Amino acid sequence: MVLKPRVVLIALVCFQSFVLQHFAAAQGAAPAAAASEQRKTSEPYTGDLSIFESPGRDERLQINRVIEILGIAPGKSVADIGAGSGWFTVRAARRVGGSGTVYAVDINSEAIRYIGARARKEQLQNVKAILSKADDPQLPPGSVDAVLLLKTYHEVAQPVTLMRNLRAALRPGAKVGIIDRNGNGEDHGVGRDVVLSETKEAGYKLLESYDFVKGDKMDYFLVLERVE
Ligand SMILES: C[S@@+](CC[C@H](N)C(=O)[O-])C[C@H]1O[C@@H](n2cnc3c(N)ncnc32)[C@H](O)[C@@H]1O
């Protein structure tokens, strides 16, 4: 039997696609990134870090309620991705105490230096600062029980890849919080629906959704969990 070259080519392409799909499934990998990766994002903030320390921010954000919802308690291990000045890092570090750990993750080396100095000054030995990559938080595998991206997701240039790379750092049942503001991506906000669709693509499911983080209802607080 003589096969035509075109038939052989089609058969080869189908076989390759089958092998790739099954290899990815066997590795437990989330589906590959799609066009959502190219959407508009905001420039990562590089200005004065004291801007994040505004008086009354604890009350406006109801940060203690956020901490409770994420299950942040003594002994837990937490990541603050896009930590900035470390505003949330220090609050989480006080809550988890000496037997817990808070990873302060940021792509800005000035923020990492600032947080290191702040943790020393505030005698918080449980803070570990990580200078990360734009598409990878670079957390140790199986290292965290809870994660918060506070006013950061809209700046993440490759959100699906970053969220996919975060998966390996999550312990079973870990909660991932995203607090952001509705917007078009480049105006310091990103649509709640966009976040939900990208995180689904990266292998997460929505557990809870809140709008108490700001009175104007423009801000949202999503709680996600890794899909196994
Ligand atoms: C608007 S600031 C918010 C700071 C802090 N979360 C707060 O609300 O006080 C966003 C921070 O995210 C950081 N960032 C942007 N893209 C990032 C990425 N892909 N991975 C980690 N950090 C990122 C920026 O460097 C900046 O410090």
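One can find the structure itself at the top, above this paragraph.
Report on the accompanying structure. Note that this is a predicted model, so its numbers are computed, not measured.

Turning next to the site of the ligand. Lining the immediate surroundings of the ligand are 18 residues, of which R57, G82, D106, A134 and L150 lie closest. In this structure, G82 approaches the ligand through a main-chain N or O atom, which is 2.7 Å from a nitrogen atom. L150 has a polar backbone atom sitting 2.7 Å from a nitrogen atom of the ligand. Calculation on the ligand without its partners gives an accessible area of 600 Å², and the protein chains cover 97% of this total. Residue composition of the shell around the ligand, grouped by class: nine nonpolar, five polar and four charged.

Under the definition given, this model contains 15 salt bridges. Of the charged contacts, one joins R181 and D219 as a salt bridge, the two residues approaching to 2.6 Å between their closest N and O atoms. Of this pair, R181 sits in strand β5 (residues 170-181) while D219 sits in strand β7 (residues 219-226), and the two are 38 residues apart along the sequence. On the basis of relative accessibility, which here comes to 2%, the residue D219 falls in the buried class. Each member of the salt-bridge network shares a partner with another, and the members are E53, R94, R118 and E122.

Strand order in the open sheet formed by seven strands is β3-β2-β1-β4-β5-β7-β6, and the pairing between neighbours is mixed. Among the strands making up the open sheet, the edge pair consists of β3 (127-131) and β6 (204-210). In this sheet, adjacent strand axes meet at a mean angle of 20° when their direction is disregarded. For strand β1 (residues 77-81) and strand β2 (residues 101-106), the ladder comprises five bridges, and the chain directions are parallel. Counted as the bridge partner of S77 is T101 from β2. Contacts from helix α4 (residues 87-96) reach β1, β2, β3 and β4 (144-150), with the element oriented near 170° to β2.

Moving on, we come to helix α7 (residues 192-201). What α7 keeps buried is the set V195, E198, T199 and E201. For α7, the arc enclosing every buried residue in end-on projection is 155°, short of the 170-degree limit, so these residues lie on one face. Along α7, exposed side chains directed more than 90 degrees from the buried face belong to D193 and K200. Here the buried face of α7 lies against α6 (159-166), β5, β6 and β7. Of the residues trailing α7, G203 is marked for its positive phi of about 100°.

Now for the packing of aromatic side chains. Summed over all chains, the structure comprises four aromatic pairs. When the ring of F212 is compared with that of F221, the centres are 6.0 Å apart and the planes differ by 85°; the resulting orientation is edge-to-face. For F212, a relative accessible area of 11% gives the class buried. Look at F221 and you get buried, because its relative accessible area is 0%. Among the aromatic residues, those joined into a ring-pair cluster are Y210, F212 and F221.

Reading guide: rules and limits
Residues numbered from 1 in each chain as written. Predicted model: local features only at pLDDT ≥ 70, side-chain atom pairs only at ≥ 80, totals over all residues. Heavy atoms only, no water. Near = heavy atom within 4 Å. Polar contact = N/O pair within 3.5 Å; in protein donor to acceptor, adjacent residues only side chain to side chain. Areas by Shrake-Rupley, 256 points an atom, 1.4 Å probe, with all protein chains shown as cover. Nonpolar A, V, L, I, M, F, W, Y, C, P; charged D, E, K, R; others polar. Salt bridge = Lys/Arg side-chain N within 4 Å of Asp/Glu carboxyl O. Helix = DSSP H or I, 4+ residues; strand = E, 2+ residues; numbered from the N terminus. Buried < 20%, exposed > 50% of the residue type's maximum accessible area, 1.4 Å probe, protein only. Pairing = 2+ DSSP bridges. Axes fitted to C-alpha atoms, helices over the stretch in contact; angles between N-to-C directions. Contact = heavy atoms within 4.5 Å. Arc of directions from axis to C-beta. Phe/Tyr/Trp six-rings, centres within 6.5 Å; stacked < 30°, edge-to-face > 60°.

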